[in-house]
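# Structure at a glance
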Amino acid sequence: AQTVTQSQPEMSVQEAETVTLSCTYDTSESDYYLFWYKQPPSRQMILVIRQEAYKQQNATENRFSVNFQKAAKSFSLKISDSQLGDAAMYFCAYRSTYGGATNKLIFGTGTLLAVQP
Amino acid sequence: DAGVTQSPTHLIKTRGQHVTLRCSPISGHKSVSWYQQVLGQGPQFIFQYYEKEERGRGNFPDRFSARQFPNYSSELNVNALLLGDSALYLCASSLGRNNEQFFGPGTRLTVL
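All values reported here derive from a predicted model rather than from experimental measurement. (Residues numbered from 1 in each chain as written. Chains lettered and ligands numbered in written order. Predicted model: local features only at pLDDT ≥ 70, side-chain atom pairs only at ≥ 80, totals over all residues. Heavy atoms only, no water.)

## Observations regarding the packing of aromatic side chains
For the record, the criterion: Pairs were defined over the aromatic rings of Phe, Tyr and Trp, the Trp ring being its six-membered one, requiring ring centres within 6.5 Å. Orientation was assigned from the angle between planes: stacked under 30 degrees, edge-to-face over 60, tilted for the rest. Note on conventions: DSSP H or I runs of at least 4 residues are helices, E runs of at least 2 residues are strands, and numbering of each starts at the N terminus. Using a 1.4 Å probe on the protein chains alone, a residue whose accessible area is under 20% of its type maximum counts as buried, one over 50% counts as exposed, and one in between counts as partly exposed.
Applying the stated criterion across every chain yields a total of 16 aromatic pairs over all chains. For the ring pair Tyr25(A) and Tyr94(A), a centre distance of 6.3 Å and an interplane angle of 40 degrees mean the geometry is tilted. Of this pair, Tyr25(A) sits in strand E4 (residues 24-26) while Tyr94(A) sits in strand E10 (residues 88-96), and the two are 69 residues apart along the sequence. Each member of the pair, Tyr25(A) as well as Tyr94(A), is classed as buried. Their ring planes at 35 degrees and their centres at 6.2 Å tell us that Tyr33(A) and Phe35(A) sit as a pair that is tilted. With relative accessibility at 2%, the residue Phe35(A) sits in the buried group. A connected cluster of aromatic rings, assembled from ring pairs, spans Tyr33(A), Phe35(A), Tyr37(A), Phe91(A), Phe107(A), Tyr35(B), Phe45(B) and Phe103(B).

## A short note on the interface of chain B and chain A
Definition in use: Note on contacts: a residue pair is in contact if any heavy atoms of the two residues lie within 4.5 Å. Throughout, buried area stands for the accessible area (probe radius 1.4 Å) lost by two parts on being put together, summed over both. Should a side-chain nitrogen of Lys or Arg be within 4 Å of a carboxyl oxygen of Asp or Glu, the pair is scored as a salt bridge. Only Asp, Glu, Lys and Arg are considered charged in this grouping, and only Ala, Val, Leu, Ile, Met, Phe, Trp, Tyr, Cys and Pro are considered nonpolar; every other residue, Gly among them, is considered polar.
On the side of chain A, 19 residues touch chain B, which itself brings 29 residues to the contact. Interface area, chain B with chain A, both sides summed: about 1800 Å², of which 46% is carbon and sulfur. Considering only the surface of chain B that becomes buried against chain A, Asn98(B), Glu100(B) and Phe103(B) emerge as the three largest contributors, covering 27% of it. Seen at the junction of chain B and chain A, the total is zero salt bridges. Of all the secondary-structure elements, those providing two or more residues to the side of chain B that touches chain A are strand E4 (31-37), strand E5 (44-50), strand E6 (53-57), strand E9 (87-94) and strand E11 (107-111) of chain B. Broken down by element, the residue count for the side of chain B that touches chain A peaks at four residues, all from E4(B). When the residues that make up the side of chain B that touches chain A are grouped by side-chain class, the tally is seven nonpolar, 18 polar and four charged.

Right under this line is the structure:
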């Protein structure tokens, strides 16, 4: 079974600075998707960025980028130029792509990011 | 366009009672998934429905059941509520069975 681990329960960053959130996962599959979701106090889960395992190039989305290390099963999220609105719980998630698979997401336990003005 | 909507927003029940949570997907989306998020943890997959059929089920007891209607909206039912069922219940919709999921704001269930 696949598992996702986020070892940083809480992180803090100064506004305009850069922060990196860590995520490791375990799987025996060779093709899969990885995601970072943001959950602000409003509770609505918002997709930040996604990475397809067969793509070697790291995904980027404006101020958000990932460092995907497939061999190490590591998937970290870098937030550049942090803004107050980035404060939220961040979840790393895994989804299988194998035939017949559902779109079931497997989530880590989350990292609570605080942004200091 | 309206996003995924869930009702009610909050709900308080007592042990042993039954609860029904509702979800309306984004227009055109045919798949709905349900997740349970206990405080301090990541969401756990409960069910996926696609084209009104169950397509996936997580490790939850038979007290949990769901269905999807012809208009693709969905209900999650939980019988014989336990204190441990207190959680945020999230619904997510997607175009198809394996597409990106969009989440609703959740229903906060408190069991006393």
